[in-house]
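Residues per chain, in single letters:
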Amino acid sequence: VAGGLKAIVLEKSAVFGGTTALSGGGMWIPNNYVMQAAGVKDSKEEALQYMRAINEGASSNEMMSAYLDKANEMLNWLRDKAGFKFQRSSPQSFADYYPWAPGVHDAVGGRMVSILRDDKVGAGKGLMQSIKEWLDAHKVDILLETPAKRLVVDANGAVLGVIAQANGAEIAIK
């Protein structure tokens with residue numbers, strides 16, 4: 001797909017996109033480029049404060065910080081490399097779910113973005129359709145009903161492959 005590497009997608013569901021294809025398709029990505037273009041102020045620090053307040057210790061500061069950094073990187077990649085267009089979620093959508101939490105962002109549409117397609121197919125269906133079209137155009141194989149079970153790593157923690165389950169048996173993918 002990039003740099004001569006080959007990629008595959010492991011899909012747990014029998015249908016590509018799983019429950020995401022049935023969802024509203026919104027992605028909670030603080031301080032994203034769509035918010036910035038609309039002049040909506042946000043910061044990583046406020047988002048991290050919000051996440052700390054609501055996660056009840058379920059995630060480390062390191063993981064939350066990595067999400068905040070990488071989610072924007074992913075959104076920018078989808079825009080710049082895959083040609084996806086995003087919009088702020090509709091005024092009817094949720095802002096941040098916990099209005100009492102420190103770091104909450106209460107602007108209309110909150111920190112959510114959703115796919116914007118020329119054919120007006122939106123929500124989760126539109127997001128997954130866009131991803132599927134990109135994968136097909138780049139000849140990326142999609143393995144349905146093949147959930148990843150664990151990563152295979154070397155002594156330094158570098159990922160070498162994944163163990164997945166297909167047809168009731170574990171398979172190794174490198």
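Residues numbered from 1 in each chain as written. Predicted model: local features only at pLDDT ≥ 70, side-chain atom pairs only at ≥ 80, totals over all residues. Heavy atoms only, no water.

Asks: Explanation requested: the overall build of the protein in the structure shown.
Replies: Scanning the protein from N- to C-terminus turns up four helices and eight strands. Written out in order from the N terminus, the α and β elements of the protein read β-β-α-α-α-β-β-α-β-β-β-β. The principal-axis extent of the C-alpha atoms belonging to the protein is close to 45 × 45 × 30 Å. The buried share among the 174 residues of the protein stands at 33%. Nonlocal contacts in the protein, meaning residues at least 24 apart in sequence, comprise 60% of its contacts between residues at least 6 apart. On the protein, roughly 10800 Å² of surface is accessible, and the fraction owed to carbon and sulfur atoms is 56%. Positive and negative side-chain charges of the protein, numbering 19 and 19 respectively, have mean locations separated by a distance of 4 Å. (Helix = DSSP H or I, 4+ residues; strand = E, 2+ residues; numbered from the N terminus. Buried < 20%, exposed > 50% of the residue type's maximum accessible area, 1.4 Å probe, protein only. Contact = heavy atoms within 4.5 Å. Areas by Shrake-Rupley, 256 points an atom, 1.4 Å probe, with all protein chains shown as cover. Lys, Arg positive; Asp, Glu negative; His and termini not counted. Charge placed at Lys NZ, Arg CZ, Asp CG, Glu CD.)

Asks: I would appreciate a short explanation of the pattern of salt bridges in the present structure.
Replies: If charged atoms from side chains of opposite charge come close, those side chains can pair. Overall, the coordinates contain eleven salt bridges when judged by the stated rule. We note a salt bridge from Asp 69 to Lys 44, for which the minimum N-O separation is 2.9 Å. Remark: Lys 44 occurs in helix 2 (residues 44–54) and Asp 69 occurs in helix 3 (residues 61–80); sequence separation between them is 25 residues. In this structure Asp 69 comes out as partly exposed when scored by relative accessible area, which is 40%. Residue class for Lys 44 comes out partly exposed when judged on its relative accessible area of 27%. As a salt-bridge pair, Asp 96 and Arg 111 come within 2.6 Å of each other at their nearest N and O atoms. Separated by 15 residues along the polypeptide, Asp 96 in the loop between strand 3 (86–88) and strand 4 (112–115) and Arg 111 in the loop between strand 3 and strand 4 bring together distant segments of the chain. (Salt bridge = Lys/Arg side-chain N within 4 Å of Asp/Glu carboxyl O.)

Asks: Hey, could you run me through the packing of helix 2 against helix 3 in this one?
Replies: Helix packing for two helices is described by the angle between their axes and how far apart those axes are. Packing of helix 2 against helix 3 leaves a shortest axis separation of 10 Å and a crossing angle of 135°. Classed by the angle they form, the pair helix 2 and helix 3 counts as oblique. The interaxial crossing formed by helix 2 with helix 3 has right-handed handedness. Only Asn 61, Met 64, Ser 65, Tyr 67, Leu 68 and Asp 69 of helix 3 make contact with helix 2, whose side of the interface consists of Lys 44, Ala 47, Leu 48, Met 51 and Arg 52. Tallied by class, residues from the contact of helix 2 with helix 3 come to six nonpolar, two polar and three charged. (Axes fitted to C-alpha atoms, helices over the stretch in contact; angles between N-to-C directions. Parallel < 35°, antiparallel > 145°, perpendicular 65-115°, else oblique. Left-handed = near helix turned anticlockwise from the far one by under 90°. Nonpolar A, V, L, I, M, F, W, Y, C, P; charged D, E, K, R; others polar.)

Asks: Can you walk me through the packing of aromatic side chains in this structure?
Replies: Each aromatic ring pair is summarised here by two numbers: the centre-to-centre distance and the angle between the ring planes. Overall, the coordinates contain four aromatic pairs when judged by the stated rule. Relative to Trp 134, the ring of Trp 77 has its centre 5.4 Å away and its plane inclined at 75°; by these criteria the two rings are edge-to-face. Of this pair, Trp 77 sits in helix 3 while Trp 134 sits in helix 4 (residues 123–137), placing them 57 residues apart in sequence. Judged by its relative accessible area of 38%, Trp 77 falls in the partly exposed class. When its relative accessible area of 16% is taken as the criterion, Trp 134 is described as buried. Note on Phe 84 and Phe 86: the rings are 6.3 Å apart at their centroids and 45° apart in plane angle, and the pair reads as tilted. (Phe/Tyr/Trp six-rings, centres within 6.5 Å; stacked < 30°, edge-to-face > 60°.)

Asks: So what exactly am I meant to see when it comes to the sheet that holds strand 7 (residues 159–166) here?
Replies: Two modes of strand pairing occur in sheets, parallel and antiparallel, and in both the strands are linked by backbone hydrogen bonds. What the three strands build is an open sheet, ordered 6-7-8; its pairing is antiparallel. The strands lining the two open edges of the sheet, one partner per strand, are strand 6 (148–153) and strand 8 (169–173). The sheet shows a mean angle of 25° between the axes of neighbouring strands, direction not considered. Of the strand pairs in this sheet, strand 6 and strand 7 are connected by five bridges, and their pairing is antiparallel. In the strand pairing of strand 7, Ala 148 is matched with Ala 164. (Pairing = 2+ DSSP bridges.)

Asks: Just checking my understanding: could you explain the sheet that holds strand 4 for this structure?
Replies: Taken together, three strands build an open sheet; the order of strands is 2-4-3 and the sheet is antiparallel. Of all the strands in the sheet, the pair left with one neighbour each is strand 2 (27–28) and strand 3. Here three bridges tie strand 3 to strand 4, and the two strands are oriented antiparallel to one another. Looking at strand 4, one finds that Arg 88 is bridged to Val 113.

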